[in-house]
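Structural overview for review
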Amino acid sequence: MIPDELRLNDSGRETLFNLLSKGVLGCLLLYALFPIYWMILSSFRTRAEITASEPSILPFTLDEAADAIQDPSVLLTLLEYENYLTMWDRFPVFDYFVNSLIIASVTTVFALAVGCLGGYAFSRYRFPGKIGVGGALLGTQMIPGILILLPMFLLFVWIQETLAIPLIDTYHGIIFVYTTFTVPVAIWMLRGFFDSIPNAIEEAARVDGCSRFQALVRVVLPMAAPGIAATGMFVFLTAFNEVLFASVLARGDVTPFAIGIQSFETQTTAYWGEMMAASTVATAPILILFILFQKPIVEGLTEGSVKQ
């Protein structure tokens, strides 16, 4: 038996639960952020420091940190910032990054355009085979990409030989592939967001003279903006980070960053410092974009989970 003086009341239990929850979340946060920290740290190190048998997880020693506090200019001698200068000359990093932005941005626009219409149709209409089509959309995400890669490549070759339409190593070819894979997810996600919008609001707009399409554009889409932002960010990151199909279907002048960064590892050596610097530069805009749109993204991810 636990003595009465050692038992926790409701307030104590709640405090203990909050402390445990914050501790667990803090550990998970450190686990998720450590690779990013290590990437940034490695970008300021030499190749010898990166490949050392026992690399330090701290950027400076205590003595170096004390010197940097007294004289901030010491940081320039402690950090190997030269990696950020040489990476541009060694490989066309900027071109790789621009290619990824073009591919991911256009894919996001197409996927959201089709996803909004498809998600709205699933949310508001009843039609034969609705359950089966919805299940098929989810089923497409269960097929490993490696099983589709060879048929997709052969299909592109056939189209190029038969119709004289080049699809391999082109923007429109890889955008078509990414749009095909992201549209089912966009439709399913946006369906949940549209379900959370009451039909009464749309019916009121139609009573005021709006057509079905006008009500969608003027009323439903603005209310679903957080969900659209969340879906758009998901599609963008999926297209930006994809490697499997890009490694076969997007080479040459349209090489995306996820494939181009492999150029830093050659048969004879690996430019780890420049690779980490390029990864940091490519990650920074995505993180800034996510921070700027964090509020609508979080609202969208939670809004679609409750049907009003």
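Figured I'd write up the structure that's included with this text. (Residues numbered from 1 in each chain as written. Predicted model: local features only at pLDDT ≥ 70, side-chain atom pairs only at ≥ 80, totals over all residues. Heavy atoms only, no water.)

**Considering the nonpolar core**
The cut-off we apply is this: We call a set of buried Ala, Val, Leu, Ile, Met, Phe, Trp, Tyr and Cys residues a nonpolar core when their side-chain atoms join them within 4.5 Å. Only protein chains enter the accessibility calculation, which uses a 1.4 Å probe; a residue is then buried when its area is under 20% of its type maximum, exposed when over 50%, and partly exposed in between. Each helix corresponds to a stretch of at least 4 residues labelled H or I by DSSP, and each strand to a stretch of at least 2 residues labelled E; elements are numbered beginning at the N terminus. In what follows, residue pairs with any heavy atoms lying within 4.5 Å of each other are defined as contacts.
Counting 38 residues, the largest nonpolar core has Ile174, Tyr178, Leu249, Phe257 and Phe264 as its most contacted members. Residue assignment for this core shows that the elements contributing at least two residues are α5 (83-90), α6 (93-124), α8 (145-163), α9 (171-195), α12 (225-241), α13 (246-249), α14 (257-260) and α15 (272-292). No other element matches the 6 residues that α15 contributes to this core. Those residues within four positions of Phe257 in sequence are excluded, and the remaining contacts are Val93, Tyr96, Phe97, Ser100, Ala278, Ser279 and Ala282. If you look at the next biggest cluster of nonpolar residues, it comprises 11 residues, including Tyr120, Leu190, Val220 and Ile228.

**Let's talk about α5**
The periodicity of an α-helix, 3.6 residues per turn, causes residues three or four positions apart to be oriented the same way. So the rule is basically this: The directions from the helix axis to the C-beta atoms form the arc being described.
Taken together, the buried positions of α5 are Asn83, Tyr84 and Met87. The buried residues of α5 occupy one face: seen down the axis, they fall within an arc of 95°. Of the exposed residues in α5, the ones pointing more than 90 degrees away from its buried face are Leu85 and Asp89.

**Structural notes on unusual backbone geometry**
Residues apart from glycine generally show negative phi values, whereas peptide bonds are mostly found in trans. Phi is positive for Ala164, close to 60°, though the residue is something other than glycine. With respect to the helices and strands, Ala164 occurs in the loop between α8 and α9. Residue classification places Ala164 among the exposed positions, given a relative accessible area of 62%. Of note, the phi angle at Asp169 is positive, near 60°, even though the residue is not glycine. The class for Asp169 is partly exposed, based on a relative accessible area of 35%.

That's the geometry; what it means functionally is another story.
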